[in-house]
There are 2 protein chains.
Amino acid sequence: MDVLRPDCPSRVVMQRIGERWSMFVILALAHGPLRFTALKARVGVVTSKVLTETLRALEADGLVSRRAYDESPPRVEYELTPLGVSLLEPMAAMRAWAEAHVPEVLASRERHLDALDAVHG
Amino acid sequence: MDVLRPDCPSRVVMQRIGERWSMFVILALAHGPLRFTALKARVGVVTSKVLTETLRALEADGLVSRRAYDESPPRVEYELTPLGVSLLEPMAAMRAWAEAHVPEVLASRERHLDALDAVHG
DNA sequence: CAGTATCCAGTCTGATACTG
DNA sequence: CAGTATCAGACTGGATACTG
């Protein structure tokens, strides 16, 4: 099982996916390019700084492309690359699972908290 | 698109998956229960403390079960719950993608580093 | 509009040492 | 064997203010 080796490159990918906003940005771009502010609005509560960092990282990984138009006011569009698009499929599987099983997970967490309460008064 | 709302429960699941060791522990348990030390050896470089934390979190989420036998020396077995097992399928999709596309991602990162070098000397 | 600059609190992770 | 306790460093995410 390669993925379990500490030096396995798959770690790298999973860690990128796992970062706070990566997935949400990718999903937000799933239906076409978006400008910075539109993306920010879609993703929700993220700050400009963090969104920028996320985009730079996704760009470095070749998942997202950035295109700046030489206009005033400035216009920048972010878009999924083909590689980024190819990631949508496994992500959809994850999302489907999450949406189907979130109630179970949350219920389990509740029970766990109740158990802690019972111990500590 | 529900998953993009800040209060969407899917975030919760994705964040758990994204944590440093969660995925590796789940994959390590994919083929049956393991004792703490065996799990530690399989996962690789993780410390006891961090592995314990990861296991507690997965337990709270109902993905992993912990069973302690009343023996000496102590014996504890960790095993995927049915919920945990159900997660293997979407995870396999992710892993397949990662293994297929890691070279592209790494190459992209290289290029990006080269570009930075060119700028900064 | 699309960011950058600064600063900071909290989290994550790990090393190390110890225990029933 | 299966952890817990303690400490410390790196990293993350975010608040706030500012800019071409």
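That block above? That's the structure.
Residues numbered from 1 in each chain as written. Chains lettered and ligands numbered in written order. Predicted model: local features only at pLDDT ≥ 70, side-chain atom pairs only at ≥ 80, totals over all residues. Heavy atoms only, no water.

A.B. asks: What am I meant to see in the relation of the copies chain A and chain B here?
C.D. replies: Two chain copies, one operation linking them: a rotation about an axis together with a shift along it. Mapping chain A onto chain B calls for a rotation angle of 180 degrees and an axial translation of 0.0 Å; the resulting RMSD is 0.0 Å. Classification of the inter-copy transformation places it as that of a two-fold axis. Scanning chain A for the C-alpha nearest the rotation axis identifies Gly18 of chain A, at a separation of 1.8 Å. With an isologous cut-off of 70% or more, the 100% of interface residues of chain A that recur at the interface of chain B puts this contact in the isologous class. (Least-squares fit on C-alpha atoms with pLDDT ≥ 70 in both. Contact = heavy atoms within 4.5 Å.)

A.B. asks: How should the protein's contact with DNA strand D be read in this particular structure?
C.D. replies: The environment of DNA strand D is made up of 19 residues, and the closest members are Arg20 and Lys49 of chain A together with Arg35, Arg66 and Tyr78 of chain B. By atom count, sugar and phosphate contribute 68% of the portion of DNA strand D lying within 4 Å of the protein. In this structure, Trp21 of chain A approaches DNA strand D through a side-chain N or O atom, which is 2.8 Å from a phosphate oxygen. Residue assignment for the surface near DNA strand D shows that the elements contributing at least two residues are helix H4 (48–60) of chain A together with helix H3 (36–43), helix H4 (48–60) and strand E3 (75–80) of chain B. The leading source of residues in the surface near DNA strand D is H4 of chain B, at 4 residues. (Near = heavy atom within 4 Å. Polar contact = N/O pair within 3.5 Å; in protein donor to acceptor, adjacent residues only side chain to side chain. Helix = DSSP H or I, 4+ residues; strand = E, 2+ residues; numbered from the N terminus.)

A.B. asks: What should I look at first to understand unusual backbone geometry in this one?
C.D. replies: The peptide bond linking Ser72 of chain A to Pro73 of chain A adopts the cis configuration, its omega dihedral lying at 0 degrees. In this structure, Pro73 of chain A sits in the loop between strand E2 (64–69) and strand E3 (75–80).

A.B. asks: Looking at this structure, I do not really get the packing of aromatic side chains. What am I missing?
C.D. replies: Aromatic ring pairs are described here by two measures, namely the spacing of the ring centres and the angle between the planes. Residue and element names in this part refer to chain A. In this structure the tally under the stated criterion is 2 aromatic pairs over all chains. Considering the side-chain rings of Trp21 and Phe24, the 6.2 Å spacing of their centres and the 65 degrees angle between planes classify their relative orientation as edge-to-face. Side by side, Trp21 and Phe24 carry an identical accessibility label, which is buried. Positioned above the aromatic ring of Tyr69, the side-chain terminus of Arg75 is 3.9 Å from the ring centre. (Phe/Tyr/Trp six-rings, centres within 6.5 Å; stacked < 30°, edge-to-face > 60°. Buried < 20%, exposed > 50% of the residue type's maximum accessible area, 1.4 Å probe, protein only. Lys NZ or Arg CZ within 6 Å of the ring centre and 35° of its normal.)

A.B. asks: Whenever I open this one, the packing of H3 of chain B against H4 of chain B confuses me. Can you help?
C.D. replies: Two packed helices can be described by the angle between their axes and the distance between those axes. Residues and elements named next belong to chain B. The N-to-C vectors of H3 and H4 enclose an angle of 105 degrees; their axes lie 11 Å apart at closest approach. Accordingly, the angle class assigned to the pair H3 and H4 is roughly perpendicular. Contact residues: H3 offers Phe36, Leu39 and Lys40, while H4 offers Ser48, Leu51, Thr52 and Leu55. In terms of residue class, the contact of H3 with H4 is built from 4 nonpolar, 2 polar and 1 charged. (Axes fitted to C-alpha atoms, helices over the stretch in contact; angles between N-to-C directions. Parallel < 35°, antiparallel > 145°, perpendicular 65-115°, else oblique. Nonpolar A, V, L, I, M, F, W, Y, C, P; charged D, E, K, R; others polar.)

A.B. asks: Where do I start with the protein's contact with DNA strand C in this structure?
C.D. replies: Taken together, 19 residues are adjacent to DNA strand C, and Arg35, Arg66 and Tyr78 of chain A together with Arg20 and Lys49 of chain B come closest. A share of 69% is what sugar and phosphate atoms reach among the atoms of DNA strand C within 4 Å of the protein. If you list the elements that add at least two residues to the surface near DNA strand C, you get helix H3 (36–43), H4 and E3 of chain A together with H4 of chain B. Looking at the surface near DNA strand C element by element, the count peaks at 4 residues for H4 of chain A. Residue composition of the surface near DNA strand C, grouped by class: 8 nonpolar, 4 polar and 7 charged.

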